Amino acid sequence: MDMFNRFNKYKDDFNKYRGEFESMRNRGQRLIGRGSRTTTRKERKNPFAGLAKQDYKSIVEECQKNGCLFEDPEFLAVDESVFYSKTGRKFKWMRASEIVDNPKWVSDGASRFDVKQGELGDCWLLAAVASLTCNQVLFEKVVDTSQNFEDNYCGVFRFNFWHEGEWKEVVVDDRLPTYYDQLVFMHSADKKEFWSALLEKAYAKLMGSYEALKGGSTSEAMCDFTGGVTEMFDLQKAPPNLLRIMLKAHERGSLMGCSIDADPNTVEARLTNGLVMGHAYSITNVCLADIKTPKFEGQIPMVRVRNPWGNEAEWKGAWSDGSREWSLLSQDEKDELGLTFSDDGEFWMSFQDWSTHFQKLEICNLGPDSLEEEDVCNKKKWECYKESSEWVKGHSAGGCRNFLDSFATNPQFRMTLTDPDDDDDDDMCTALVAVLQKDRRKKRKEGLDLMTIGYVIYKVEDESSGPLDVRYFKYNASVAKSPTFINMREVCGRHKLPPGTYAIIPSTFEPHFEGKFLIRIFTEKPNVSGELDQQTSLIEDDGRGPGRADSQAYHPNYPYRSDEAPPAEPTEAERAQADALRETFRRVAGEDMEIDAYELREILNAVFTRHFKFDGFGIDTCRSMVAMHDGDLSGKLGYEEFKELWDDLRKWKGVFLKFDKDHSGNLSSYEMRDAMTEVGFKVSNACRMSLVKRYANRDNQIEFGDFILCVIRLKTMLKTYRSFDPDRRGCAQFSPDEFIQSTMYS
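Definitions and limits used
Residues numbered from 1 in each chain as written. Predicted model: local features only at pLDDT ≥ 70, side-chain atom pairs only at ≥ 80, totals over all residues. Heavy atoms only, no water. Helix = DSSP H or I, 4+ residues; strand = E, 2+ residues; numbered from the N terminus. Buried < 20%, exposed > 50% of the residue type's maximum accessible area, 1.4 Å probe, protein only. Contact = heavy atoms within 4.5 Å. Areas by Shrake-Rupley, 256 points an atom, 1.4 Å probe, with all protein chains shown as cover. Phe/Tyr/Trp six-rings, centres within 6.5 Å; stacked < 30°, edge-to-face > 60°. 1 Å grid on protein atoms, 1.4 Å probe; cavity = no way out; pocket = protein on both sides within 12 Å on 5 of 7 lines; lining within 4 Å. Points joined across faces, edges and corners; volume = space filled by probe spheres on them. Nonpolar A, V, L, I, M, F, W, Y, C, P; charged D, E, K, R; others polar. Pairing = 2+ DSSP bridges. Polar contact = N/O pair within 3.5 Å; in protein donor to acceptor, adjacent residues only side chain to side chain. Axes fitted to C-alpha atoms, helices over the stretch in contact; angles between N-to-C directions. pLDDT = per-residue confidence, 0-100. Patch = residues over 30% accessible without salt bridge, like charges linked within 9 Å, V, L, I, M, F, W, Y side chains within 5 Å. Salt bridge = Lys/Arg side-chain N within 4 Å of Asp/Glu carboxyl O.

Participant: Whenever I open this one, the overall build of the chain confuses me. Can you help?
Facilitator: A tally of helices and strands in the chain yields 20 helices and 28 strands. Taken over 746 residues, the chain has a buried fraction of 51%. At a minimum sequence separation of 6, the contacts of the chain that also span at least 24 residues come to 73%. Of the accessible surface of the chain, which amounts to about 36000 Å², a share of 48% is contributed by carbon and sulfur atoms.

Written as structure tokens, this is what we have:
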């Protein structure tokens, strides 16, 4: 009996505690993200996973509506967001309020001394962040300083990065990877301050993972923080006016960084002078310091440098902290320089020592995307042109100038310089040209890395011309080029050119490498730039005479060459063949002296299969041939119409044989534009890509039959379009029936 009573008591207690447990669990589910750990990801659905777009305001509204903190579904708090290529220790993701009490967003203003490097090899990023803090306007554009952990805190923070041509808002939750409850990666000197740690997380999200940030160039992050164009200088081959360039850059608010090449045998090896090899430094000031002594009065160029480690690893030579050289400056001069002596990673060097001991300089020139506020418009702006494009295998991935046959297929851009720089004694124009390959860091997990890229610049005589072709590059030298072809995200060069029109050809080093890219052109004076393209048309419509199969005769950028004569007159053998063809036509046509597509196929295949290794023209191709010359829509050709078609086929056969240099019976898709020009067409870049996709095989080769079909249909459609646009307004008007008839019948 006692046992039975005890059982009932335990049962009542169990039901009571189970009810309390259920109540606690339900309460914990409502308080997800507020420190409660009573639920797991599998037990609940993330309310933010359904948001169509990660907009900061929408997320805040969702948080307030559901009474929860933000958990980012696009950058999960899992180890794979840190390292994608290896597994190791497990990270614990903690919110700022779980790491410290009363966390702060920005404590006592953001400073270059706030940024401390963690275990990730991204000193290049830290150097750029430190430089960013030196420009308050740019800093506030990237880091929204109005955010905090108190007012309407929802666990979400936003940043703005210039990403591949446009400013992009990136939102993250405040869960950070820790080990033993300590931050693992970038952090602030003040343990309660979190803007730098969350900036690194937002940048890692943009690039795909924390691991994607390992190794890089300060210029890359400088570009993403400002929208500027970054120049690279080899200090062993520095231009004679480098000091002037740096002083001018500092006055314009440009971000600068420097480094010493790495020791292949040691990671970040420390030199006896205090500098570190393979390490990225920020340049926080460039100036001319006034020296006044009883024996000398003048100025000395000085450079202030910061080690992102923010510790005692500093320069130990002349003008280092506490060195006797500082006695040459007055106290007022020291105060103006903001001189302090402490183990904070920042130090001064003379320009001479700096240029001797460092090897690389990066200057991020700020453009219109960077300087928008009126209060910084006192700084001189660069004029900027930008355009996105891509290298597509088989179409526009032509490789560098070493691959002449395909080089001309690369995207081409026109740059017209009109006015020389104000302070240039030689009446020259300064142009910064930058080519940026897109999303390569994000694709590292797919096994893809940075491609080797560069560009070449050519002088163009006629700015209204279309893209330059193989002949032009064969007989003309470039006037400028990128400093090198290199596997960096962005390659940039500074050029001094006389006023005129130029063609810029960006490319990968080798052909067939695909990728998207952004080209930017910065000039001191306004420039007129755009993609070199042409409108698809029949060349005979331009008044240059029909049937001329020599593309060089139509290009305004080089003269006609006598060694490239127009097509020869028919040979005796060809005349005999034409006579035999006439008899064949009469035999096949019968009494009505007209042939349909089936009869046409019989005639043509009897001839062309003797000269080409292909299965002969299909019935659809022959139908298109009939449609091209079938003016009365009878579905048949008379002899004169057939003769006109035959003359076209003879010319097109000659063009095909000319470009089929290896006698394989196929054309390379890279030769399509020149072949079409030789036939008698102008073809736009977009149209050329469509033709290649439609008529090339999987090896990007175009067989003879497909080439003929492509030419026939293009000619038919252009003539149809012209007939509906008799006034040449560039706009043809079709009724639905007319459009269907003209496209289907061709």
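Read on for the rest.
Participant: Even after reading the chapter, I still don't get the packing of aromatic side chains, so can you show me in this structure?
Facilitator: The description of an aromatic ring pair uses the distance of the two centres, along with the angle that the planes make with each other. Tallying each qualifying case throughout the model produces 44 aromatic pairs. Taking the centre distance of 5.7 Å and the plane angle of 85° together, the rings of tyrosine 472 and phenylalanine 473 count as edge-to-face. Here the two residues tyrosine 472 and phenylalanine 473 agree in accessibility, since each one is buried. For the pair phenylalanine 614 and phenylalanine 617, a centre-to-centre distance of 5.3 Å together with 70° between the ring planes defines the contact as edge-to-face. Judged by its relative accessible area of 3%, phenylalanine 617 is buried. Counting every residue linked through ring pairs, the aromatic cluster contains Trp105, Trp124, Phe149, Tyr153, Phe157, Phe159, Phe161, Phe194, Tyr203 and Phe225.

Participant: Is there a simple way to explain the layout of surface pockets in this structure?
Facilitator: Where empty space is left becomes clear once a probe the size of a water molecule has been rolled over the atoms. Roughly 1000 Å³ of internal volume is contained in the largest pocket. Lining the largest pocket are 39 residues, and of these Ser217, Met232, Ser259, Lys360 and Met488 lie nearest its centre. Sorting the residues of the lining of the largest pocket by element identifies α4 (123-132), β8 (229-234), β9 (255-259), β13 (360-365) and β19 (490-497) as the ones contributing at least two each. Ranked by the residues each element gives to the lining of the largest pocket, the list is headed by β19, at 6 residues. Partitioning the lining of the largest pocket into residue classes produces 15 nonpolar, 13 polar and 11 charged.

Participant: How should I be thinking about the pairing of strand β5 (residues 175-179) in this particular structure?
Facilitator: Counting buried positions along β5 yields 4 of 5 residues, so the element is predominantly enclosed. With 4 bridges joining them, strand β1 (residues 92-95) and β5 adopt antiparallel strand pairing. Counted as the bridge partner of lysine 92 is threonine 178 from β5. Two elements, β5 and strand β6 (residues 182-183), share 2 bridges in a ladder whose sense is antiparallel. Note that in β6 the partner of tyrosine 179 across the bridge is glutamine 182. Count of turn residues in the β5/β6 antiparallel hairpin: 2 residues, of which tyrosine 180 carries a positive phi of about 55°.

Participant: Looking at this model, I keep getting lost on the side chain of glutamine 412. Mind explaining?
Facilitator: Take glutamine 412: it is sitting in the loop between α11 (404-407) and β15 (413-417). Separated by 3.0 Å, the side chain of glutamine 412 and the backbone oxygen of alanine 408 make a polar contact. A polar contact of 2.8 Å, which involves the side chain of glutamine 412, links it to the backbone nitrogen of leucine 468. Excluding residues that lie within four positions of it along the chain, glutamine 412 makes contacts with Pro467, Leu468, Phe473, Ile504, Ile505, Glu531, Leu532 and Arg673.

Participant: Would you mind going over the sheet that holds β5 with me for this structure?
Facilitator: The strands that make up a sheet are held in pairs by hydrogen bonds between backbone atoms, and each pair lies either parallel or antiparallel. Spatially, β1-β5-β6 is the arrangement adopted by the 3 strands of the open sheet, whose pairing is antiparallel. Lying at the two open borders of the sheet, with one neighbouring strand each, are β1 and β6. Here helix α6 (residues 195-207) sits on the sheet in contact with β1, β5 and β6, set at roughly 105° to β5.

Participant: Would you mind showing me how to read the environment of alanine 204 here?
Facilitator: Locating alanine 204 in the fold gives a position in helix α6. A relative accessible area of 0% places alanine 204 in the buried class. Once the C-alpha coordinates of alanine 204 and arginine 441 are considered, the two residues, 237 residues apart in sequence, prove to be 10.0 Å apart. Setting aside its immediate chain neighbours within four residues, alanine 204 contacts Phe75, Ser209, Tyr210 and Leu213.

Participant: What am I meant to see in the confidence of the model for the chain here?
Facilitator: Per-residue confidence for the chain gives a mean pLDDT of 83, with 87% of residues at or over 70. Considering only residues more than four positions removed or in separate chains, one finds that residues 17-43, a stretch of pLDDT under 50, has 25 contacts. Note that residues 373-377 has pLDDT below 50 and, in this model, 5 contacts with residues that lie over four places away or in other chains.

Participant: How should I be thinking about helix α8 (residues 242-251) in this particular structure?
Facilitator: Residue pairs spaced three or four apart in an α-helix point in one direction, given the helix's 3.6 residues per turn. Every buried residue belonging to α8 is among Leu242, Ile245, Met246, Leu247 and Ala249, and all of these are buried. Downstream of α8 by one or two residues, glycine 253 has phi in the positive range, about 80°.

Participant: Any chance you could explain a nonpolar patch on the surface here in plain terms?
Facilitator: Together, Phe739, Ile740 and Met744 give the surface a local cluster of nonpolar side chains, amounting to about 360 Å² of exposed area. Locating methionine 744 in the fold gives a position in helix α20 (residues 736-745).

Participant: Just to check I follow, could you spell out helix α7 (residues 218-226) for this structure?
Facilitator: In terms of burial, α7 is largely enclosed, as 9 of its 9 residues are buried. Within the sequence span of α7, burial applies to Thr218, Ser219, Glu220, Ala221, Met222, Cys223, Asp224, Phe225 and Thr226.

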